[in-house]
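# Coordinate inspection notes
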Amino acid sequence: MSGVSSIGGYQDYSAYSSIASGGTINKASEDASGLAIQEKTKSQVNGLDAGSENLTSAKSALNIQDGALSGVEDYLQSIKELSVKAMNGTLSQDDKESIQSQIKEYLKGINDLAESTTYNEKNLTNNDGSLQVASDGNGSTESVATHNATTDALGISEYDVTGNFDMSVIDKAIEKVSSQRAETGAQTNGVESALTYNSHAAMELNGYQMDKEEEKVTKALEELKTKQALDSYQAILQKQRQEDEQQKSMAIFA
């Protein structure tokens, strides 16, 4: 029997196919239930990987948003400082006009930040809303809240220290932006937690699949070695029978 000791002689043998494929099931005829599990695992991992990409984008958007809101807070703190200076009764009207001129620049800076803070053309700080991102292939989602940090939304568009003014509106604006940043921080933590979960879940699923494939290859190797041993034994027996037949033939003509 030619090729009995060569793996090349077993290309159509299912155990050899398992070894050659590294334990991956390619046809339902090999293992229908195993293939279904393999494809389901692959689908779950793909969903987690795609979800992680979405979550990474969401985290970037939240970081950009927080940076912009931090800038708005800085402007508001500067406005408050100037407001305190403007409450000095020894200042002339020209002095107050000068302070108001600087405040107007800060108000413009707030609006510029609010209007220009975007991620993939989605504005993050000029309207109150929410952007949903899928975090896996099972319908789970995470939210990126958008905030309105314009001077209109903060109630300070007409803020003017040249006459009678109420500085508490600046405190309220600072409080509102601080609350927006707190929500952004909480959502960032949620996104980071989801990213960590996805990473661990994908690793577990990949590990499970690798274990199943390794188990399949190990079993296939054992089957192949057993078959090779049996074939070798059969070859020895066949050779022995041929030799016996030859000896009998020679004895007849002796």
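Residues numbered from 1 in each chain as written. Predicted model: local features only at pLDDT ≥ 70, side-chain atom pairs only at ≥ 80, totals over all residues. Heavy atoms only, no water.

### A word on the overall build of the chain
Operational definition: Runs of H or I in DSSP of at least four residues are treated as helices and runs of E of at least two as strands, each being numbered from the N terminus. Buried, partly exposed and exposed residues are distinguished by accessible area as a fraction of the type maximum, computed with a 1.4 Å probe on protein chains only: under 20%, between the cut-offs, and over 50%, respectively. Note on contacts: a residue pair qualifies if any of its non-hydrogen atoms lie within 4.5 Å across the two residues. Accessible surface area values rest on a Shrake-Rupley calculation with a 1.4 Å probe, where residue burial reflects the displayed protein chains alone.
Helix and strand content of the chain: 5 helices and 4 strands. Going residue by residue from the N terminus, the α and β elements of the chain occur as α-α-α-β-β-β-β-α-α. The buried share of the chain, reckoned over its 254 residues, is 32%. Long-range contacts, defined here as pairs at least 24 residues apart, represent 70% of the contacts in the chain between residues at least 6 apart. Accessible area for the chain stands at about 15300 Å²; split by element, carbon and sulfur atoms hold 49% of it.

### Considering the nonpolar core
Cut-off, in case you're wondering: Here, the term nonpolar core denotes a set of buried Ala, Val, Leu, Ile, Met, Phe, Trp, Tyr and Cys residues that are joined through side-chain atoms within 4.5 Å.
Counting residues in each nonpolar core, the largest one holds 20 residues, and the members touching the most others are Leu76, Ile103, Leu154, Ile156 and Tyr159. Elements represented by at least two residues in this core include exactly α2 (32-86), α3 (93-116) and α5 (168-253). Tallying contributions element by element places α2 first for this core, with 6 residues. When near neighbours in sequence (up to four residues on either side) are disregarded, Ile103 contacts Ile79, Leu82, Ser83, Tyr159 and Val161.

### Section: the pairing of strand β4 (residues 141-148)
Counted only if it meets this: By the convention used here, strands pair only if DSSP detects at least 2 bridges between them.
Of the strand pairs in this sheet, strand β3 (residues 126-134) and β4 are connected by 7 bridges, and their pairing is antiparallel. Among the inter-strand pairings, Asn126 is bridged to a residue of β4, identified as Asn148.

### Digging into the pattern of salt bridges
The condition that has to hold: Each reported salt bridge corresponds to a side-chain nitrogen of Lys or Arg within 4 Å of a carboxyl oxygen of Asp or Glu.
In the structure shown here, the tally under the stated rule is 5 salt bridges. In this structure, the salt-bridge partner of Arg181 is Asp66, at a minimum N-O distance of 2.9 Å. Placement of the pair is Arg181 in helix α5 and Asp66 in helix α2, with a sequence separation of 115 residues. With a shortest N-O distance of 2.9 Å, Lys80 and Asp171 are connected by a salt bridge. You can see Lys80 sitting in helix α2 and its partner Asp171 sitting in helix α5, a full 91 residues away along the chain.

### Some details on unusual backbone geometry
Although it is not a glycine, Asn120 adopts a positive phi angle of roughly 50 degrees. Tracing the backbone through its elements, the reader meets Asn120 in the loop between β1 (118-119) and β2 (122-123). Looking at Asn120, the relative accessible area reads 62%, which means it is exposed. Within the chain, Glu121 stands out as a residue other than glycine whose phi angle is a positive 70 degrees. Mapped onto the secondary structure, Glu121 falls in the loop between β1 and β2. Under the relative-accessibility criterion, Glu121 is labelled exposed at 79%.

### Let's talk about the confidence of the model for the chain
Heads up, the rule is: Per residue, pLDDT measures the predictor's confidence, with a range of 0 to 100.
Per-residue confidence for the chain averages 80 on the pLDDT scale, and 71% of its residues sit at or above 70. Below a pLDDT of 50 lies the segment residues 1-13, which in the model reaches 20 contacts outside its immediate sequence neighbourhood of four places, other chains included.

### A word on the packing of aromatic side chains
Going by this rule: Classification of ring pairs uses Phe, Tyr and Trp, with its six-membered ring standing for Trp, and accepts pairs whose centres are within 6.5 Å; under 30 degrees between planes counts as stacked, over 60 as edge-to-face, and the remaining range as tilted.
Under the definition given, this model contains 2 aromatic pairs. With centroids separated by 6.0 Å and ring planes inclined at 80 degrees, the aromatic side chains of Tyr159 and Phe165 adopt a geometry described as edge-to-face. The class of Tyr159 is buried, set by a relative accessible area of 7%. For Phe165, a relative accessible area of 23% corresponds to the partly exposed category.

### Here we look at the side chain of Glu73
Here Glu73 shows up in helix α2. Discounting chain neighbours no more than four positions away, the residues touching Glu73 are Ile174, Val177, Ser178 and Arg181.

### Digging into the side chain of Asp136
The criterion, for reference: Polar contact is the term for a pair of N or O atoms within 3.5 Å; when the atoms are in protein, one must be able to donate a hydrogen and the other to accept it, and sequence-neighboring residues count only if both atoms are side-chain atoms.
You can see Asp136 is positioned in the loop between β3 and β4. Looking at Asp136, its side chain comes within polar contact range of the main-chain nitrogen of Asn138, at 2.8 Å. Polar side-chain contacts of Asp136 include one of 3.4 Å to the backbone nitrogen of Gly139. Beyond its immediate sequence surroundings of up to four residues, Asp136 is in contact with Gly47, Leu48 and Gly51.

### Points about a negative patch on the surface
Threshold: Residues forming no salt bridge and having over 30% relative accessible area are the ones grouped into patches, like charges within 9 Å of each other and nonpolar side chains (Val, Leu, Ile, Met, Phe, Trp, Tyr) within 5 Å. The charge count includes Lys and Arg as positive and Asp and Glu as negative, but it does not include His or the ends of the chains. Throughout, a charge is located at the NZ atom of Lys, the CZ atom of Arg, the CG atom of Asp or the CD atom of Glu.
Where like charges cluster on the molecular surface, the negative patch consists of Asp94, Asp95, Glu97, Asp152, Glu158 and Asp160. With 3 residues, the single largest contributor to the negative patch is α3.

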